[in-house]
Amino acid sequence: MALVLLQLGQCGNQVGQELLDVVSSDGRSDRGRRDSYRAASQERFFRQEAGGDALPVARAILVDMEPKVISRTLSKATKSGWWRYGNQSYFCQKQGSGNNWANGFCVHGPRHEEAVMDLVRREVEKCERLSGFFAMMSVAGGTGSGLGTYVTRCLRDTYPNAFILNQLTWPYGTGEVIVQNYNAVLTLSHLYQSSDALLIHENDTVHKICSQLMNIKQISFTDINKVIAHQLGSVLQPAYTRWNGSQYGTNPLGDLLESLVTHPEYKLLSLMNIPQMSDTSLQFSTFTWPALMKHLRQMLIANTKMEAGIDWRVKLPPAGLPAAVKPSSNRELHSNTSVANLLVLRGKEVSKADTGGFKEQALYTSWMPADSALNIWRTSTAFNKYEKSATVVSNSQCLLKPLDSTVTKAWDMFASRAYVHQYVKHGISEEDFLDCFTTIEQVIASYSNLGL
């Protein structure tokens, strides 16, 4: 089944282009590839355009309010020489949203809804079978977050039975956009109503991966986007699912969402992937499944999103004892509680990987049986130069800390009515703000109570 990618705003366009580069390169690799893997990957992300050249065309829609973002994205794709965007696959204007969420959502969204949705409709009609929509965007600005949220709502209204997964890039804790906390609260609260799940990458965490694991000295947004793209590709590329043991899963979004979003109140997903390192280090490294499983399991338990700096002091609570009352005087040592986890294993001797450590009931909330909470996808086909690699996508308490911090900062600003008038003049009232705060605080409360 095909995925239609929506690249929304500057961040979404950059991440989307890097993701397509990763899956294109991975699909072309000859390291043990089978034709079925290549074909499944190609069907998900690319198509052949009738009467066009031989290059595969990305199943993607590019949206931004500034032409320079679109032109740079198209140019980078062209330079790859292996794939390209469609000739009529993008929408842009000559006026941005000024980092104002309300401007993107209330002004640009309704004004350009027909044009953007027409592009989506044209791409959908070229899909033999549609798995759903994968929308990439930031939560900090105006176009990606505001207009992106409006487009997501339009997708839900127009395609009520299609799967929608939003990949969100969370801003740095000390970001350059002073109203980013407002924008994040408004984005999350609205997307919670229209999207099936929100897969969140934190810029601070990805920056540390670039610095400590990739050994990059001068870190650029391109470096950060490449790491995000690698992690996304490790999940979205073909694998054998629980439902399709003899062939690659044919419904990537449906299988993923069925595995992870078992309750409509819990839609926040985070991702942990190992190993990740520079190409120089990779050629001198060897990996074993026992070591990978041990480290990835502790990353999940301790809520550590990269292999360096795992806190081995954090332990699961004794059987039958909730994590919230685990005997410890330090809240930082409380283990992470999950609703559900998806484990994706790729590479040599993958059948020998022991996944028993991810099946312990203590990892999961008491009302979710471990047998139902854990799903495992496998393939012996290596991914993106790594002989063995493992990824866990987790619906858990992983995102509580950044979410709580953002809401607290947004409340402090709202209490003094800082910048609120900038939103009001574009159509977002103070009552709308309060409704959004209420929605996100309920999400925080729900995830906080998982360990009880």
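Residues numbered from 1 in each chain as written. Predicted model: local features only at pLDDT ≥ 70, side-chain atom pairs only at ≥ 80, totals over all residues. Heavy atoms only, no water.

Student: Explain the overall build of the chain to me, and be specific about the residues and the numbers.
Tutor: From N to C terminus, the chain includes 15 helices and 12 strands. Principal-axis analysis of the C-alpha atoms gives the chain an extent of 60 × 55 × 45 Å. Across the 452 residues that make up the chain, the buried fraction comes to 58%. Residue pairs in contact within the chain that sit at least 24 positions apart in sequence constitute 79% of those at least 6 positions apart. Total accessible area on the chain is roughly 18600 Å²; 50% of this is exposed by carbon and sulfur atoms. Looking at the chain, you have 44 positive and 41 negative side-chain charges, and the mean spots of the two groups are 6 Å apart. (Helix = DSSP H or I, 4+ residues; strand = E, 2+ residues; numbered from the N terminus. Buried < 20%, exposed > 50% of the residue type's maximum accessible area, 1.4 Å probe, protein only. Contact = heavy atoms within 4.5 Å. Areas by Shrake-Rupley, 256 points an atom, 1.4 Å probe, with all protein chains shown as cover. Lys, Arg positive; Asp, Glu negative; His and termini not counted. Charge placed at Lys NZ, Arg CZ, Asp CG, Glu CD.)

Student: Run through the sheet that holds strand S1 (residues 2-8), naming residues and quoting values.
Tutor: Sheet architecture is open: 10 strands sit in the order S5-S4-S1-S6-S7-S8-S9-S12-S10-S11, paired in mixed fashion. Only two strands of the sheet have a single neighbouring strand rather than two, namely strand S5 (90-92) and strand S11 (374-379). With strand direction ignored, the average angle separating the axes of adjacent strands in the sheet is 20°. Alignment of strand S9 (residues 268-274) against strand S12 (residues 388-396), held across 5 bridges, turns out to be antiparallel. Of the residues in S12, the one forming a bridge with Ile274 is Ala390. Sheet strands touched by helix H7 (residues 203-213): strand S7 (163-170) and strand S8 (197-202). Its angle to S8, the strand with the most contacts, is close to 50°. (Pairing = 2+ DSSP bridges. Axes fitted to C-alpha atoms, helices over the stretch in contact; angles between N-to-C directions.)

Student: Can you tell me about the packing of helix H1 (residues 9-28) against helix H8 (residues 221-236), naming the residues and giving the values?
Tutor: Where H1 contacts H8, the two axes come as close as 8 Å, and the packing angle between them is 55°. Between H1 and H8, the angle falls in the class oblique. In terms of crossing hand, the pair formed by H1 and H8 is right-handed. On H8, the residues that touch Gln14, Val15, Glu18, Leu19, Val22 and Val23 of H1 are Phe221, Thr222, Asn225, Lys226, Ile228, Ala229, His230, Leu232, Gly233 and Leu236. (Parallel < 35°, antiparallel > 145°, perpendicular 65-115°, else oblique. Left-handed = near helix turned anticlockwise from the far one by under 90°.)

Student: Summarise unusual backbone geometry; cite the residues concerned and give the values.
Tutor: In this chain, Ile274 is followed by Pro275 through a cis amide linkage whose omega measures -10°. With respect to the helices, strands and loops of the structure, Pro275 is situated in the loop between S9 and helix H10 (279-282). Unusually for a residue other than glycine, Arg417 sits at a positive phi of about 60°. With respect to the helices and strands, Arg417 occurs in the loop between helix H13 (400-415) and helix H14 (420-424).

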